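In case you want the letters, here they are:
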Amino acid sequence: MTLLIKNIKELLQVRDTNVTIVKGEDMKVLPILKNAYLLIEHDTIVEFGPMEECLNIEADQTIDATGKVVLPTWCDSHTHIVYAGDRTQEFVDRINGLSYEDIANRGGGILNSAEQLQNTSEDELYNQASKRLTEVIKLGTGAIEIKSGYGLTVEAELKMLRVIKRLKHDFPIPVKPTLLAAHAIPKAYKGNKKAFIDIVVNELIPKAAEAHLAEYIDVFCEKGYFDLEDTQRILEAAKAHRLIPKIHVNQFNAFGGVALGVEYDALSVDHLEELNPEDISALQGSNTMPVALPSCSYFLSIPYTPGRAIIDAGLPLALATDYNPGSTPSGNMNFVVSSACIKMKLTPEEAINAATINGAYAMGLSNRYGSICRGKKANIIITKAIPGYYHLPYAFGNNLIETVIINGDVF
Ligand SMILES: [Zn+2]
């Protein structure tokens, strides 16, 4: 089965060699072919080039992309899309003046999501999450990471991870599972955090790893949640089970979480709304990807990650949604790309690199996803007819996507 997409106005993110990450100045460069074609065989990109070289190509199916932009699907490296119910009441409470911390102190926030999740069956949880996953694929996401973290008991965390495993099995896109072992201190362990971490280290991590339910380990390293010492203990335990760290750091406070992540060879450090010069130096020379989540800043009205400073320091940057019920009830990567340009002052080229190739890197997938490259998986977005790719960030809130192709098939 071959699929030819022809008369493409702009084919974005074309890479001859298999580039797996872009950093610093290189992020300003988004390789583009104008008036191009793209040839897919089964689930793989096999050829692309200018239209004049396409004349003799015959394919089983042809899509005419006149006036349209074609690019690799978004790679969303940070989500919490397996959750039960919603937190709309807290949304209204915040409008009426309560802060995220006030709500957490009243037993709302993550503890509220945990209670709802513990009382929801595995099938119902799967049904809710699969609707969200379908929705984000239609919005152009072609690879995703999903975290546990709303269970807060060993059984409920394993339940979440099993749901993620089922999504991974049933959906055509790569799904990367993360054990967010320490997201909040459960009510039952209030004032006894150490006992909770003992369970995480001695029971949860070994059970999740032995059942092959997670590839990554995550911790909410934040004041009032888990400090550096707690985080280190969990990363140390995870290392023994070969779980790679991808951790929540510097959302509200900067106190050394980035350096700790780098020390444990984290694949990514995520959030970074509060960032010190020491955090930037810790990242330099490391293999750790900094990940910004601008929809979360938008929804909570907190500072945006200083993406400009990160890129100007020669570092790479990835963008992700943080799709979750409390701080980002949206999995729309198009909005993430727009807000990175509008609020973080990334150029469209930088934002698209951050949301494709670098997002794939932050899931260990950039050798197969994240760019238009011969031999890579054919996960592709075709836009509606638009004046050019600047419209992707510019026309924020509009859905400019016409077709999403996953593994060579229209989704
Ligand atoms: Zn998160």
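The text that follows walks through the structure, step by step, so that each part is easy to find. As the structure is a computational prediction, the values presented were derived from the model and not from experiment. (Residues numbered from 1 in each chain as written. Predicted model: local features only at pLDDT ≥ 70, side-chain atom pairs only at ≥ 80, totals over all residues. Heavy atoms only, no water.)

1. Remarks on the nonpolar core
The biggest cluster of nonpolar side chains holds 114 residues, and the ones touching the most others in it are L133 and L179. A per-element tally of this core places helix α5 (residues 154-170) first, with eight residues. For L133, the contacting residues outside a window of four places in its chain are I81, I144, L167, F171, I173 and V175. Core analysis: the second largest hydrophobic core is formed by 18 residues, I8, L11, F48 and I372 among them. (Core = buried A, V, L, I, M, F, W, Y, C linked by side-chain atoms within 4.5 Å. Buried < 20%, exposed > 50% of the residue type's maximum accessible area, 1.4 Å probe, protein only. Helix = DSSP H or I, 4+ residues; strand = E, 2+ residues; numbered from the N terminus. Contact = heavy atoms within 4.5 Å.)

2. Some remarks on the packing of helix α12 (residues 333-344) against helix α13 (residues 348-355)
Where α12 meets α13, the closest approach of the two axes is 9 Å, and the angle between their N-to-C directions is 140°. One element, α12, and the other, α13, form an angle in the oblique class. Our pair here, α12 against α13, has a crossing hand that is right-handed. Residues M333, V337, A340 and C341 of α12 touch α13, and the partners they reach there are P348, A351, I352 and A355. By residue class, the composition of the contact of α12 with α13 is eight nonpolar, no polar and no charged. (Axes fitted to C-alpha atoms, helices over the stretch in contact; angles between N-to-C directions. Parallel < 35°, antiparallel > 145°, perpendicular 65-115°, else oblique. Left-handed = near helix turned anticlockwise from the far one by under 90°. Nonpolar A, V, L, I, M, F, W, Y, C, P; charged D, E, K, R; others polar.)

3. Side note on the state of the cysteines
Within this structure, the stated rule accounts for zero disulfides. C54 takes part in no disulfide bond, and the closest cysteine sulfur to it belongs to C373, at a distance of 19 Å. Left without a disulfide partner, C373 is nearest to the cysteine sulfur of C75, which lies 13 Å away. The exposure class of C373 is buried, given its relative accessible area of 2%. (Disulfide = S-S within 2.5 Å.)

4. So, the side chain of N324
Here N324 is to be found in the loop between β13 (318-319) and α12. Taking relative accessible area as the criterion, N324 reaches 4% and is therefore assigned buried. One polar contact links the side chain of N324 to the main-chain amide nitrogen of G326, over a distance of 2.8 Å. What N324 contacts, discounting residues up to four positions off in sequence, is H80, Y83, Y150 and P329. (Polar contact = N/O pair within 3.5 Å; in protein donor to acceptor, adjacent residues only side chain to side chain.)

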